[in-house]
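What follows is each chain in one-letter form.
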Amino acid sequence: MFNKIIKRGNRKSARGDSAEPGARPAAPSSSSGGGGGGAGGAAPVTVNHASRASAATPSSPTSPHVAPSALATNPAAGAASPPLLEPLPLLRDVAAADRPGLLLRKLRLVAAIFDLSDSLKHPREKEAKRQALLELVDYVQAPAQAAGANAPARLPDHVQEALVAAISANIFRPLPPALHESAAAIDPGATPDDEEEPYLDPAWPHLQLVYELLLRYVVSPDTDTKVAKRYVDHAFVLRLLDLFDSEDPREREYLKTVLHRIYGKFMVHRPFIRKAINNVFYRFIFETQRHNGIGELLEILGSIINGFALPMKEEHKLFLARALIPLHKPKSVAIYHQQLSYCIVQFVEKDYKLADTVIRGLLKYWPVTNCQKEVLFLGELEEVLEATQPAEFQRCMVPLFKQIGRCLNSSHFQVAERALFLWNNDHIVSLIAQNRGAIFPIIFEALERNIQSHWNLAVHGLTANVRKMFLDMDSELFEECQQQYMEKQAKAKEIREQRESAWRQLEAVAAKAAGDDMVLVN
């Protein structure tokens, strides 16, 4: 019995020996709250391990570099021995010759990725990273003020490369599943609610500092574009565009500012950026019809279009016809319609000859059953007509006012009202007056139908005002149109009576042929 107890104790001590620090399993890597991938996925950071493993191994004069995954606390090591970051001095406190090396060490710290969705994990490391980001933002903005009078005016090339790599490690990450995708996974028949609260990324406090660092780097007068374009290259721009699909509006706002500044500073990238945005639009229009950043991309384009030189290049006209006008097709156009309308009007104001192309494009994608979209289209149409010259107006006025006539007779009172409001615009009334011979006959019938049968009193009043405007503008043409309308109504009544008479005769013949057993249903 005593021998069995001794053997059992030996087995326990053997298991205890296997749990020594040298044999413990590696700590799991932290999932990225601020992103991963690229050059920063395994960026090292300086740490001092206050654990038995470090005590058991000979320490080197400098602290070892470990991957960010090694920053995670190992549960087997116990709560009393978390890894500690080595404190780094401020840039202003070191000699000018030592600053590039210190900058690289701080950038390695910034490239480390932590799970920012859990505030209890690695709070000391996260705070050290945040402080490093704050200092780097100030340093990139004004090196001489942040690090002393002896600071170099420009960052060395290898520091710029490490800076862009650290930024990429944080912001370039897989975006979380969209709300509609999560809902579809639970219920395939679910539809997204437009009034849902926007998603707010828990990692944003750190991400904001990273975006601010990128923005300061791009706009800094000390950033040489000839050097920076090697790191802020086409691949970098494409990955930035992918992030525009983020559901966090704060991130999209920063992306908009950063991409706009890149477009302004890196002239060599301008054609590529325009083409890449085109491709985003094409995929949205013809494939997914889901994207969170269309409005922000259109805001960038509105500023770009405003700077187009005249005469406008054929490339820009094709962009209008193939990308901007088809953006009226998706159901979600209301989300970005204000920005889209601004871009469209900018084109017409730049080159008035494009008005015919734009108006015919609007008519092509005019909604059939969506009344809210019709109201938006009518508002955009008014802005386009405001910048339209008489020659272009004459090319499209017949199909245009046929559509406006259908809108006047819409049973949805907001559509009918918005169409009638076009006559409150002096420029549009002037264009109509110049071409009243072609427009009056098209519109007159729609106005008379409203007077006779529209259910809404406000529409009745507005219709009467427009009708009186026509009468005051050209009374002879008004009487002629009225006479044509009365003749058309009389002819339609006569045709209807002839049709009813023919049906009665057919019923009589059929009844006579079938005898008294046939029952006719009227």
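Residues numbered from 1 in each chain as written. Predicted model: local features only at pLDDT ≥ 70, side-chain atom pairs only at ≥ 80, totals over all residues. Heavy atoms only, no water.

The name an unreviewed UniProt entry assigns to the protein chain is Serine/threonine protein phosphatase 2A regulatory subunit, from the organism Panicum virgatum. The protein chain has a UniProt comment under Subcellular location (unreviewed entry) that states "Cytoplasm". UniProt lists a comment for the protein chain under the heading Function (unreviewed entry), and it reads "The B regulatory subunit might modulate substrate selectivity and catalytic activity, and also might direct the localization of the catalytic enzyme to a particular subcellular compartment." (UniProt positions renumbered as here; feature names shortened; annotations may be inferred.)

Caption draft 1: The arrangement of the overall build of the protein chain in detail. Along the protein chain, the regular secondary structure elements total 23 helices and three strands. Expressed as a percentage of its 522 residues, the buried residues of the protein chain come to 42%. Taking all contacts inside the protein chain whose residues are at least 6 apart in sequence as the whole, residues at least 24 apart take part in 73%. Just so you have it, the protein chain exposes about 28000 Å², and 54% of that area is on carbon and sulfur atoms. (Helix = DSSP H or I, 4+ residues; strand = E, 2+ residues; numbered from the N terminus. Buried < 20%, exposed > 50% of the residue type's maximum accessible area, 1.4 Å probe, protein only. Contact = heavy atoms within 4.5 Å. Areas by Shrake-Rupley, 256 points an atom, 1.4 Å probe, with all protein chains shown as cover.)

Caption draft 2: Region of interest: the pattern of salt bridges. Tallied over the entire structure, the rule returns 22 salt bridges. The closest approach of N and O atoms between E296 and R252, which form a salt bridge, is 3.3 Å. Of the two residues, E296 is situated in helix α13 (residues 294-306) and R252 in helix α11 (residues 249-265); the sequence distance between them amounts to 44 residues. Across this residue pair, the class does not change: E296 and R252 are buried. D351 serves as the salt-bridge partner of K317, at 4.0 Å between the closest nitrogen and oxygen. On the criterion of sequence distance, the pair formed by K317 in helix α14 (residues 314-324) and D351 in the loop between α15 (333-350) and α16 (355-364) is long-range, its members being 34 residues apart. (Salt bridge = Lys/Arg side-chain N within 4 Å of Asp/Glu carboxyl O.)

Caption draft 3: Local environment of the nonpolar core. Counting residues in each nonpolar core, the largest one holds 131 residues, and the members touching the most others are I171, F281, L298, L324, L327, F401 and W423. Looking at which element gives the most residues to this core, the answer is helix α8 (residues 204-219), with 10 residues. Sequence-distant contacts of F281, defined by excluding residues within four places in its chain, comprise I294, L297, L298, L301, F319, A323, L324 and L327. (Core = buried A, V, L, I, M, F, W, Y, C linked by side-chain atoms within 4.5 Å.)

Caption draft 4: Region of the structure containing the packing of aromatic side chains. The final tally for this structure, using the stated rule, is 15 aromatic pairs. Judged by centre distance (6.2 Å) and plane angle (65°), the ring pair of F308 and F347 falls under edge-to-face. Residue F308 is found in the loop between α13 and α14, and its partner F347 is found in helix α15; the two are separated by 39 residues along the sequence. For the pair F308 and F347, a shared accessibility class is recorded, and that class is buried. Seen from their ring centres, F440 and F470 are 4.0 Å apart, and the 40° between their planes marks the pair as tilted. Placement of F440 in helix α21 (residues 436-453) and of F470 in helix α22 (residues 457-473) is noted, with a sequence separation of 30 residues between them. (Phe/Tyr/Trp six-rings, centres within 6.5 Å; stacked < 30°, edge-to-face > 60°.)

Caption draft 5: Main features of the packing of α21 against helix α23 (residues 475-514). Orientation of α21 relative to α23, taken along the N-to-C sense of each, is 60°, at an axis distance of 10 Å. Looking at the two axes, α21 sits oblique to α23. In the crossing of α21 with α23, the sense of the turn from one axis to the other is right-handed. Contacts between α21 and α23 involve R436, G437, F440, P441, F444, E445, E448 and Q452 from the former and L477, F478, C481, Q482, Y485 and K488 from the latter. For the contact of α21 with α23, the residue count by class is seven nonpolar, three polar and four charged. (Axes fitted to C-alpha atoms, helices over the stretch in contact; angles between N-to-C directions. Parallel < 35°, antiparallel > 145°, perpendicular 65-115°, else oblique. Left-handed = near helix turned anticlockwise from the far one by under 90°. Nonpolar A, V, L, I, M, F, W, Y, C, P; charged D, E, K, R; others polar.)

Caption draft 6: Highlighting helix α12 (residues 270-288). Across its 19 residues, α12 extends 26 Å between first and last C-alpha, which sits within 8% of the 27 Å expected from 1.5 Å per residue. Regarding α12, the residues found buried are I273, R274, A276, I277, N278, V280, F281, F284 and I285. Buried residues along α12 sit in contact with α10 (234-243), α11, α13, α14 and α15. (Expected span 1.5 Å × (residues − 1).)

Caption draft 7: Up close: the environment of S453. Turning to its location among the elements, S453 is positioned in helix α21. Assessed through its relative accessible area of 58%, S453 is described here as exposed. With 44 residues separating them along the chain, S453 and N409 place their C-alpha atoms 9.3 Å apart.

Caption draft 8: How the structure looks around the side chain of H328. Position of H328 among the secondary structure elements: in the loop between α14 and α15. The exposure class assigned to H328 is buried, which follows from its relative accessible area of 1%. A distance of 2.8 Å separates a polar side-chain atom of H328 from the backbone oxygen of I325. If we skip the residues at most four places from it in the chain, H328 touches V333, L340, I344, L362, Y365, K373, F377 and E380. (Polar contact = N/O pair within 3.5 Å; in protein donor to acceptor, adjacent residues only side chain to side chain.)

Caption draft 9: Geometry of α8. Along its 16 residues, α8 runs 22 Å from first to last C-alpha, staying within 8% of the 22 Å computed at 1.5 Å per residue. Within α8, 12 of the 16 residues are buried, which leaves the element mostly enclosed by the surrounding structure. Taken together, the buried positions of α8 are W204, H206, L207, L209, V210, Y211, E212, L213, L214, L215, Y217 and V218. In the core, the buried residues of α8 are packed alongside α4 (123-141), α6 (157-171), α9 (225-228), α10 and α11.

Caption draft 10: Layout of the packing of helix α3 (residues 99-111) against α4. Across the interface, α3 lies against α4 with an axial gap of 9 Å and an inter-helix angle of 130°. Taken together, the axis directions place α3 and α4 in an arrangement best described as oblique. Crossing angle aside, the handedness with which α3 passes α4 is left-handed. The segment α3 lies against α4, with L103, K106, L107, L109 and V110 engaging A128, K129, A132, L133, E135, L136 and Y139. By residue class, the composition of the contact of α3 with α4 is nine nonpolar, no polar and three charged.

Caption draft 11: Quick peek at unusual backbone geometry. Going from L310 to P311, the amide bond is cis rather than trans, its omega being 0°. As for its position among the elements, P311 is in the loop between α13 and α14. Non-glycine residue Q289 carries a positive phi angle of around 55°. Relative to the assigned elements, Q289 resides in the loop between α12 and α13.

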